[in-house]
Amino acid sequence: MSEESPFNLQGYNIVTILKRLEAATSRLEDVTIFQAETGNQSKAPNAQKSINSNPTPASDADESVVVVVPEPTAKPKSIVEFQNFITDNIAPFVETSKGIDSIVGEAAGHLQKGFEAQLEFLNIASKTKKPDFSNPRFMELLAPINQEIQKISEIQDANRKSEFYNHLSTLGEGAPVLAWILSDTPVSAIPEYKDSAQFWSNRIMKDFKEKDPKHAQWVKQFLSIFEALKVYVKEFHTTGASWNANGKSLEEILDEKNESTSVPAAPPAPGASAGGPPPPPPPPPPPSNLFEEQEKPAGGMNAVFADLNRGENITSGLKKVDKSEMTHKNPELRKQAPPVAKKPAPPKKPTSLSSGPHATAPKKKPAKKELVDGSKWIIENFTESDVSAQTPIVIEVEMSQSVFIGNCSGVTIQIKGKANAISVSETKNCGIVIDSLISGIDFIKSFKFGLQVVGTVYMISVDKCDEGSIYLSAESAEVAQIFTSSTTALNVNVSDADDYTELAIPEQFKHTFKDGKIISEVVEHAG
C-alpha cells in the first residue's frame, strides 16, 4: 500500500469534508432564521417547507434540507362563528348607534364589549371542564360580562331626560341577553329578553316613524341581534355554554391566563438571534430568609412543644405581678366586681346577595305615573314624600285600560271609573280605592295593604301577603271570589247596612286521607 497524502484519511479528502461541514452549517443558520421569521407571521405557512439556499456553494454538498413547521392550533368552529356573529351584527349596530347620538353609541359600545368578553368566556369554556357555578373563580370569569351590563344600566339611569331615553331603555332591557350562557334552555330564553326590549323599541318606531328612517334601521338591527344569536346558540349551545369534558380545570386555565397577561416575556438580549433559547430564570432568593421562616414555630400543638423545649426560658416573657395587685393578699380587691367584657356587636346581615359591609344604600327610583300606549296605567315608586299628606293619587280609567301599582309605600291610590284589571306588587302601607272592575285585582308580596271596593269586583287574588284588609260593598259580597295563598292575617269586611262585618280568612287547615284521597278542612278555634 502506498503512503497516504496528509490531506487524505482512509480514502476521504479532508478539504472536501471541511467544505461539506461549512455548507451544512450555513444551511442550518438559514433554517434558524427562517423559523424565526415564520413564527412572527400571523398565518403560518404549510406544514413543510423546502429550503435549498446555499450561500456557500460546494460541489459535493447538494443535499436539500426539509424544515417541518408545526401548524397553529385551529380555533373551534363555535368560536369562529361567534366572532363572525360579532362582526356581522354587533359592529354595524354600534356604528348606527353613534350616528344617532353619542350617548346611545357609548351604550352600544358597552354591549359590543360585553359580547367580546363573552367570546373570551366561550373560548375558555372550550378548553375547560364544566365547573361548579358557585365557584368564586367562575364568578371571576363572569365579571367582565356583568360589568358591561351594569355600565349600560348606569348610562340609562343617568339620562332619563334624554331625547333618546327609549333607545337607552331598549339597550338596558336587551343587554341581559348576555346571561344566556347560564341558562339550561338558552334557545327559549333569548326571545324573552327580546320581548322585554321590544316594548321600548315599539315606542321608538312610534315616535320616529315619520321623522327619521335611521331610527327604524336602528331598531331593525338591534332586534336582528337576538335572531342571529338564537340561530348560533341553537347550533352550538342548545343546553347552555358548551364545556370540554376532557379539558383542564377552570383554576388551571385561569391561572395560566393570569400568568400570561401579568408576566411579560423578557426581551431578547442585544445581539442574540430571534430563534435563540430564552434567558435563564432569575437566581433564587438568599437562603437566610428561608431559614428565618423555618425557625418560627408553627401554630397549634407545634407551638406548645416548641415553647416546652425552651426549658427555663419559657417564663422569660411573663409579666411580674406586684403584691398590691394580688387578690389573695388584698381582700378589698376581691370585693370589686370583675370587669365585664363588652360583647362584640354581631355583623349586620346583608339584605341581598350584592350587599355587603361596604355596599352603598340603593338609590330611590323616581316616582312615575303614566299611561303607556293608551291601555296601561303604571304607578311606581311613590312614597309619603312624593305626595302631600292625606292627598290620594287619583287616576281616571276606561274599560279597555289596566293598572299596575308597584313598589309604593305609605300612599293612597284612588281609581275612578271601571277598569279592566289591576295588579298590585310589593307595596307597603298602601290603600287602594276602586269603583268597579271587569276582571279582578291581584295583590303580590304586599304588606299592610287595604282595599276598598265601592262598586263590583268579581275576583280578588292575594299571594304572599301579610296583614291585609279588604272592604267589600254589598254588591261585591254577593259575587266576589277571593283566592289566597301563602298569606297571613287577612281580614274581609262585608258591608252590612250602615256598618261592616269583619270576617277572618282561615290560615290553618286539617288534612285527612280517605280512600286514597286527601280531604282538607278549615280548623275552627272555639273556646
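By the naming in an unreviewed UniProt entry, the protein chain goes by Adenylyl cyclase-associated protein and is assigned to [Candida] anglica. The Sequence similarities (unreviewed entry) comment attached to the protein chain in UniProt states, word for word, "Belongs to the CAP family."

1. A few points about the overall build of the protein chain
Counting secondary structure elements, the protein chain contains 12 helices and 20 strands. Sorting the 527 residues of the protein chain into buried and exposed places 29% on the buried side. Long-range contacts, defined as pairs at least 24 residues apart, comprise 42% of the intrachain contacts of the protein chain with a sequence gap of at least 6. As displayed, the protein chain offers around 35,300 Å² of accessible surface, 53% of which is attributable to carbon and sulfur atoms.

2. Some words on the pattern of salt bridges
Summed over all chains, the structure comprises 10 salt bridges. In this structure, a network of salt bridges that share partners links the residues Arg 137, Glu 140 and Asp 255.

3. Looking at the packing of helix α2 (residues 77-100) against helix α7 (residues 213-236)
Think of two packed helices as two axes; the pair is described by the angle between the axes and how far apart they sit. Direction vectors running N to C along α2 and α7 enclose 170 degrees, while the axes themselves pass 9 Å from each other. In terms of orientation, α2 lies roughly antiparallel with respect to α7. A breakdown of the residues in the contact of α2 with α7 according to their chemical character gives 13 nonpolar, 9 polar and 4 charged.

4. As for the nonpolar core
The biggest cluster of nonpolar side chains holds 53 residues, and the ones touching the most others in it are Phe 82, Phe 115, Phe 121 and Leu 229. When residues of this core are traced back to their parent elements, those giving at least two are α2, α3 (102-125), α4 (136-158), α5 (165-174), α6 (186-208), α7 and α8 (250-262). Among residues more than four places away in sequence, those in contact with Phe 82 are Phe 115, Gln 118, Leu 119, Leu 122, Trp 180, Leu 229 and Tyr 232. Membership of the second largest hydrophobic core comes to 32 residues, among which are Ile 432, Leu 437, Cys 465 and Leu 472.

5. Let's talk about the side chain of Ser 169
By the element assignment, Ser 169 lies in helix α5. Filtering out sequence-adjacent residues up to four positions away, Ser 169 remains in contact with Gln 156 and Trp 200.

6. Section: the state of the cysteines
Scanning the model with the defined rule gives 0 disulfides in all. Left unpaired, Cys 430 is separated from the closest cysteine sulfur, that of Cys 408, by 5.5 Å.

7. Brief notes about the sheet that holds strand β8 (residues 402-406)
On the basis of which strands lie adjacent, the open sheet formed by 7 strands has the order β5-β6-β8-β10-β12-β14-β16 and mixed pairing. With one partner strand each, in any of the chains shown, β5 (368-372) and β16 (481-485) form the two edges of the open sheet. For this sheet, the mean angle separating the axes of adjacent strands, direction not counted, is 10 degrees. Both β5 and strand β6 (residues 376-380) contribute to a ladder of 5 bridges, which runs antiparallel. For Val 372, the partnering residue across the bridge sits in β6 and is Lys 376.

8. Re the sheet that holds strand β15 (residues 466-472)
The mixed open sheet is built from 7 strands, whose spatial order is β7-β9-β11-β13-β15-β17-β18. With one partner strand each, in any of the chains shown, β7 (393-396) and β18 (499-504) form the two edges of the open sheet. In this sheet, adjacent strand axes meet at a mean angle of 15 degrees when their direction is disregarded. Here 4 bridges tie β7 to strand β9 (residues 412-419), and the two strands are oriented parallel to one another. Across the sheet, residue Ile 395 finds its bridge partner in β9, namely Ile 415.

9. Focus: the confidence of the model for the protein chain
For the protein chain, mean pLDDT is 78; residues scoring 70 or higher make up 71% of the total. Contacts of residues 349-359 to residues separated by more than four positions or lying in other chains number 2 contacts, the stretch itself having pLDDT below 50.

10. With respect to the side chain of Gln 401
Note that Gln 401 resides in the loop between β7 and β8. On the accessibility criterion, Gln 401 (5% relative accessible area) is buried. A polar atom in the side chain of Gln 401 sits 3.5 Å from the backbone oxygen of Gly 374. There is a polar contact of 3.1 Å between the side chain of Gln 401 and the side chain of Trp 377. Leave out the neighbours within four places in its chain, and Gln 401 touches Leu 371, Gly 374, Ser 375, Trp 377, Glu 396, Ala 419, Asn 420 and Ala 421.

11. Focus on α4
Given a rise of 1.5 Å per residue, 23 residues ought to cover 33 Å, and the 31 Å separating the end C-alpha atoms of α4 matches this to within 8%. Of all the bends in α4, the largest measures some 45 degrees and sits at Ala 143, one to four residues before the proline Pro 144. For α4, the complete set of buried residues consists of Arg 137, Phe 138, Leu 141, Leu 142, Ile 145, Glu 148, Ile 149, Ile 152, Ile 155 and Gln 156. Taking the backbone nitrogen of Arg 137 as reference, a side-chain oxygen 3.0 Å away marks Asn 135 as the first, capping residue of α4.

12. As for the pairing of β18
The element β18 is largely exposed, with a buried count of 0 among its 6 residues. Sheet topology note: the strand β17 (residues 488-496)/β18 ladder contains 6 bridges and is antiparallel. Directly across from Asp 496, in β18, lies its bridge partner Asp 499. Between the end of β17 and the start of β18, which pair antiparallel, lie 2 residues, with Ala 497 showing a positive phi angle near 60 degrees.

13. Digging into the packing of aromatic side chains
Summed over the entire model, instances satisfying the criterion amount to 18 aromatic pairs. With centroids separated by 6.3 Å and ring planes inclined at 15 degrees, the aromatic side chains of Phe 164 and Phe 208 adopt a geometry described as stacked. With Phe 164 in the loop between α4 and α5 and Phe 208 in helix α6, the pair connects residues that are 44 residues apart, well separated along the chain. A relative accessible area of 11% places Phe 208 in the buried class. Aromatic pair Trp 218 and Phe 222: ring centres 5.9 Å apart, planes at 5 degrees, arrangement stacked. Separated by 4 residues within a single helix, Trp 218 and Phe 222 lie in helix α7, roughly one turn from each other. The burial state of Trp 218 is the same as that of Phe 222; both residues are buried.

Analysis parameters
- Residue positions are given per chain, counting from 1 as you read along its sequence in written order.
- Reporting of local features is limited, given that this is a predicted model, to residues whose pLDDT is at least 70; pairs of side-chain atoms are given and counted only at 80 or more, and all residues count toward the totals for whole chains, interfaces and linings.
- Remark: hydrogens and water are excluded; side-chain values derive from all non-hydrogen atoms of the structure.
- UniProt positions are given in the numbering used here, feature names are shortened, and annotations may be inferred rather than shown by experiment.
- Every helix listed is a DSSP run of H or I at least four residues long, and every strand listed is a run of E at least two residues long, numbered separately from the N terminus.
- In this scheme, a residue with accessible area under 20% of its type's maximum is buried, one over 50% is exposed, and one in between is partly exposed, where area comes from a 1.4 Å probe on protein chains only.
- Contacts are assigned to residue pairs that have any heavy atoms within 4.5 Å of one another.
- The accessible surface values rely on the Shrake-Rupley method and a 1.4 Å probe; as for residues, cover is taken only from the protein chains in view.
- Should a side-chain nitrogen of Lys or Arg be within 4 Å of a carboxyl oxygen of Asp or Glu, the pair is scored as a salt bridge.
- Note on method: axes are straight lines fitted to C-alpha atoms, helices fitted across the in-contact stretch only, with angles between N-to-C directions ranging 0 to 180 degrees.
- Should an angle fall under 35 degrees it is taken as roughly parallel, and over 145 as roughly antiparallel, whereas 65 to 115 is taken as roughly perpendicular and any remaining angle as oblique.
- Any residue that is not Ala, Val, Leu, Ile, Met, Phe, Trp, Tyr, Cys, Pro, Asp, Glu, Lys or Arg is counted as polar, Gly included; the first ten are nonpolar and the last four charged.
- What we call a nonpolar core is a set of buried Ala, Val, Leu, Ile, Met, Phe, Trp, Tyr and Cys residues that are connected through their side-chain atoms within 4.5 Å.
- We call a pair of cysteine sulfur atoms a disulfide when they lie within 2.5 Å.
- Each pair of strands is called paired provided DSSP finds at least two bridges between the two strands.
- How sure the predictor is of each residue is captured by pLDDT, a score from 0 to 100.
- A 3.5 Å cut-off defines polar contacts: any pair of N or O atoms within that distance qualifies, except that in protein one atom must be a possible hydrogen donor and the other a possible acceptor, and neighbouring residues in sequence count only when both atoms are side-chain atoms.
- Between the first and last residue of a helix there are one fewer steps than residues, each counted as 1.5 Å, and that sum is the expected span.
- Throughout, the bend at a residue refers to the angle made by two axes, fitted to the seven residues ending there and to the seven starting there.
- Note on aromatic contacts: the rings of Phe and Tyr and the six-membered ring of Trp form a pair at centre separations within 6.5 Å, being stacked when their planes are under 30 degrees apart, edge-to-face when over 60 apart, and tilted otherwise.

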